[in-house]
Amino acid sequence: MLTLVVESGGRRETFSFPGDGVSVGRAEDNDLRIGSRFVSQHHCRIETMEDQGVKLIDLDSQNGTRVNHEDTSQTRLREGDRIDIGSVAIYYERAPHENTASLDGGLEEVTDPGDEDIQISARAGTGVGSRLREGLTDVLIQYRKSFGDERGLSEAEEAVLDATRRLFPRPAFQQSLDLARLMAVTKAMTANTDLPKVLEMIMDAAVEITDSERGFLVLREEGGQWKVRTARNFDQEAVRGAENKISRSIAQQVARTGKPICAVNAQEDQRLQAFASVNELKLRSILCVPLILREVVVGTLYLDNRFKDGVFSDRELGLMEAFADQAAIALENARLYEKNLEQEEALSRRTEEVEELARILDERMRKAAEIDAEDMKPLSREGLKYNYSMIIGESPVIIEMFRLLDRVSDSDIPVLVTGESGTGKELVAEAVHRNSSRHGKPFLRENCAAIPASLMESEFFGYKKGAFTGANTDRKGLFEQADGGTLFLDEIGEMSPEMQSKMLRVLQNGEIRPVGGRDTTHVDVRLITATNRNLRQMVEEGQFREDLFYRLNVVCVDTPPLRNRMEDIPALCALFLEKAAREAKTGDKSIDPFAMRYLLSYHWPGNVRELQNEIQRAVALSGAVISTDDLAKEITSNRTIAVDSPTGTGGLKDMVKMATHQKEREIILRSLAECGWRKSLTAKQLQISRPTLDQKIRLFGLSPYIEKGRNR
């Protein structure tokens, strides 16, 4: 007798075989059958030799046979040897004890279960169970030989079910079968993400489990209406005209109350006498259960049989209530998956559109770069295509910004202007409009932060008469007013999420619908937006729509802060001085060079706007010359002013030099006043030469003070 210990799927089982040999393989005629795809039909054979020893012979198996972890075609076996066939381990005579834990029935539990559901059976065994299984196996083999695989399996299943119904208690057998069917259907439903397929699976399973004639799945639509989403019969075919073949009164009552209805004979059920549809449709057995998700009824599962009474009992009711809970979850999962797919597809389409726009822009910019290669060399306005006289500055960062504006002004693509407050973003937008083909059309500007969220839609898209209280006439919105021209929206980052969605639709198809209107209006508007916020970070934080950001950010123009172009401050001061003097109706004024050094050394957090306000303030407070005394304290308190150049390092040496010059200037100015503004007497009093005094007067910008003192 040969004894083999088989280890698979985390368990061990001992088989004893009479005779002199054991055949091992996947085929049914083997003594030890292993149902694994890694095992050949006839894999190997173990047989007794003449000297009473035992040997293993590999039968040219596809994946080979290993003994004690070494490939072999034929070898002598010793007690305890391990034979590996696929993922199954077989021990000759005995298995190692250190890895075993005793179980009942000769089974031992081990670790490392396999990935396959491997079926192992023997044609002969010592127990009653083995002999019975052997007999059953022979019967099943005959079914297969007689009818083939598909029909043989069907015939065998029917025979087994019929025998078990006759020989075993029906409730016990039926409960086990129902549970298995329910688990299998639930697993299949939750694994499927195709919503129409899930709907069919739910109905087919419900009809099959309850032996119904027909099944209807009624779901709540987005508008709140109830609709039959799928209807199937016992042949797993769609039921035509399903809306007219169910009792809507029963389905609505179950949906309203959240309680199931089970009728053994609907024609005689007093609860259903008030429902005319029951008699009209000649309904007999009815079972309707709610689909509940997070304590909300989302649908009903409606089953019926028009020809039999008593089809549904407490068994079917309990099964369908349990099944309905799982079906509701599967439906929700499939719906969410479908919604996510739609959103991904929409985002993919938008991304492709943006990429196409970017590609077109890159191509245009490349061509423009080739044509204007020579113009790219000098960092001056001479190489520019358009006029930017409304923007003051000659610094390299400003010239680079002008070059970018040269490239984008001709097209109609959206432009996003970024930069700190006070850097002139609106001037940039106006420059783009003036230098574009739309320069003769309207240029409208609006600050999104200044419009209440409730009024944004009417401001942008207009409204129709009677749309709301106070709408006495039709009014065009900003988009319609700017038709053919340019619309500049500042602080776009302050736009509400709802308005962002509506703005996206305008950018996609160029159509608007006034508040209270039914028809859409096509508009041709170039959109320029601006912000001092980091829109990309807002997108990451979920505060700004990603698709809208890419629509607006086709070309980004960054306006540099004033601290990055300090060399433009003198020109800006001259412009602001002239403008302030003109508005105040005063004479021409100048800035003390020492005061200018303070202006050049200040960091200007408010940028150009802050500089303009400071000049206006100084003009109002000063005489003919703006001195350090006329500047704001936060400017003159800066101790790191540039003494000899606008870009002084501000170190200890500069601080000492600044303090020395400050004191020296005060002494000379006081001495000039004491000497009646006469330079010769002042030089003698200070004990310096006249040329040295003249040099100091020029250095400290004292000539206006001398002229003013002499004219008193």
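An account of the accompanying structure is given in this report. Numbering of residues starts from 1 in each chain and follows the order in which that chain's sequence is written. Per-residue local features of the predicted model are confined to residues with pLDDT of at least 70, and side-chain atom pairs are confined, for both listing and counting, to 80 or more; whole-chain, interface and lining totals are unaffected and use all residues. Side-chain measures were taken over the full set of non-hydrogen atoms in the model, leaving aside hydrogen atoms and water.

### Considerations on the packing of aromatic side chains
Line of reasoning, step 1. Paired rings are identified among Phe, Tyr and Trp, the last through its six-membered ring, by centres lying within 6.5 Å, and are further divided according to the angle between planes into stacked (under 30 degrees), edge-to-face (over 60) and tilted (the rest). Under the counting rule described, the total for this entry stands at ten aromatic pairs.
Line of reasoning, step 2. For the ring pair Tyr-463 and Phe-468, a centre distance of 4.9 Å and an interplane angle of 65° mean the geometry is edge-to-face.
Line of reasoning, step 3. Burial classes: relative accessible area under 20% of the type maximum marks a residue as buried, over 50% as exposed, and values in between as partly exposed (1.4 Å probe, protein chains only). Given the relative accessible area of 16%, Tyr-463 is considered buried.
Line of reasoning, step 4. When the ring of Tyr-602 is compared with that of Trp-604, the centres are 4.7 Å apart and the planes differ by 85°; the resulting orientation is edge-to-face.
Line of reasoning, step 5. The buried category is assigned to Tyr-602, whose relative accessible area is 7%.

### Focus: unusual backbone geometry
Line of reasoning, step 1. With a phi angle near 70°, Gln-52 is a residue other than glycine that sits in the positive phi range.
Line of reasoning, step 2. On the basis of relative accessibility, which here comes to 64%, the residue Gln-52 falls in the exposed class.
Line of reasoning, step 3. If you check the backbone angles, Asn-607 has positive phi at about 60° while not being a glycine.
Line of reasoning, step 4. Among the structural elements, Asn-607 can be located in helix H17 (residues 607–621). Put simply, DSSP marks the helices as runs of H or I at least four residues long and the strands as runs of E at least two long, and each gets a number from the N terminus on.

### Considerations on the sheet that holds strand E17 (residues 285–293)
Line of reasoning, step 1. Here, a strand pair is defined by DSSP locating no fewer than two bridges between the strands. Across the sheet, five strands lie side by side as E15-E14-E18-E17-E16; this open sheet has antiparallel pairing. Each edge of the open sheet carries a strand with a single partner, namely strand E15 (226–233) and strand E16 (261–263). Taking each pair of neighbouring strands and ignoring which way they run, the sheet shows an average axis angle of 15°.
Line of reasoning, step 2. Two strands pair when backbone bridges link them, and E16 and E17 are joined in this way by three bridges, in the antiparallel orientation. Bridging across to E17, Ala-263 finds its partner in Ile-286.
Line of reasoning, step 3. In the packing of helix H5 (residues 248–257) onto the sheet, contacts are made with E15, E16, E17 and strand E18 (296–305), and the angle to E17 comes to roughly 35°. Between the N-to-C directions of two axes lies an angle of 0 to 180 degrees, each axis being a line fitted to C-alpha atoms and, for a helix, fitted only over the stretch in contact. Here a residue-residue contact requires only that any non-hydrogen atoms of the pair lie within 4.5 Å.

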